[in-house]
Amino acid sequence: MPATPLTLDSEIVSDNSIRNGEPILAGTATPVRALAELWNQGMAPEEIPLHLAHLTLQQVFAALHYYAAHREEIDALIAANRIPDGWTGKRFDPATRKVQ
């Protein structure tokens, strides 16, 4: 009997104990937003596994498929995790909890 093929949707999971329930690739802690950001910056899907070697091309396409269906949600996560422009070139001091 042939094996049941995986669907793209089965590659994306949310677990409250990992990244506060943000959609991630199954079996990893890699958020969908990370791949969406790379793709939005012009990186071809086929290039992404060259930079994130723990991912397969199927996982990349699964993340982009999820992003296409949930763009508003993922774009909000991208915006929430963006480093403010004023912090560029500065360092975070954990002792004072300030950016210097």
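Note that this is a predicted model, so its numbers are computed, not measured. (Residues numbered from 1 in each chain as written. Predicted model: local features only at pLDDT ≥ 70, side-chain atom pairs only at ≥ 80, totals over all residues. Heavy atoms only, no water.)

A.B. asks: Help me understand the overall build of the chain in this model?
C.D. replies: Of the regular secondary structure elements, the chain holds four helices and four strands. In summary, the chain has a C-alpha radius of gyration of 16 Å against a globular reference of 13 Å for 100 residues, an excess of more than 25%. For the chain, the spread of C-alpha atoms along the three principal axes comes to 60 × 30 × 25 Å. Burial statistics for the chain: of 100 residues in total, 28% are counted as buried. (Helix = DSSP H or I, 4+ residues; strand = E, 2+ residues; numbered from the N terminus. Rg over C-alpha atoms; globule rule 2.2 N^0.38 Å. Buried < 20%, exposed > 50% of the residue type's maximum accessible area, 1.4 Å probe, protein only.)

A.B. asks: What is the right way to read the confidence of the model for the chain from this model?
C.D. replies: For any part of a model where pLDDT is low, the fine detail of the predicted coordinates should not be relied upon. Counting all residues, the mean pLDDT for the chain is 88, and 91% of those residues have values of 70 or more. Within the chain, the lowest mean pLDDT, 82, falls on strand β4 (residues 98–99), and the highest, 96, falls on helix α1 (residues 32–40). (pLDDT = per-residue confidence, 0-100.)

A.B. asks: Please explain the nonpolar core as it appears in this structure.
C.D. replies: Counting residues in hydrophobic clusters, the biggest one holds 16 residues, and the most contacted among them are Ile 12, Leu 25, Val 32, Leu 35, Ala 63 and Ile 74. Taken together, the elements giving at least two residues each to this core come down to α1, α3 (57–69) and α4 (71–80). (Core = buried A, V, L, I, M, F, W, Y, C linked by side-chain atoms within 4.5 Å.)

A.B. asks: I'm lost on the environment of Leu 57 in this one. Help?
C.D. replies: Summarising the element assignment, Leu 57 is placed in helix α3. Counting along the chain gives twelve residues from Leu 57 to Pro 45, while the straight-line C-alpha distance between them is 7.3 Å. Each residue touching Leu 57, except ones within four places of it in the same chain, is listed here: Pro 45, Glu 46 and Pro 49. (Contact = heavy atoms within 4.5 Å.)

A.B. asks: What's the story with the packing of α1 against α4 in this structure? I'm lost.
C.D. replies: Put simply, α1 and α4 touch, their axes get as near as 9 Å, and they point 90° apart. Here α4 runs roughly perpendicular to α1, going by the angle between their axes. Contacts between α1 and α4 involve Val 32, Arg 33, Ala 36, Glu 37, Trp 39 and Asn 40 from the first element and Arg 71, Ile 74, Asp 75, Leu 77 and Ile 78 from the second. Along the lines of polarity and charge, the residues of the contact of α1 with α4 split into six nonpolar, one polar and four charged. (Axes fitted to C-alpha atoms, helices over the stretch in contact; angles between N-to-C directions. Parallel < 35°, antiparallel > 145°, perpendicular 65-115°, else oblique. Nonpolar A, V, L, I, M, F, W, Y, C, P; charged D, E, K, R; others polar.)

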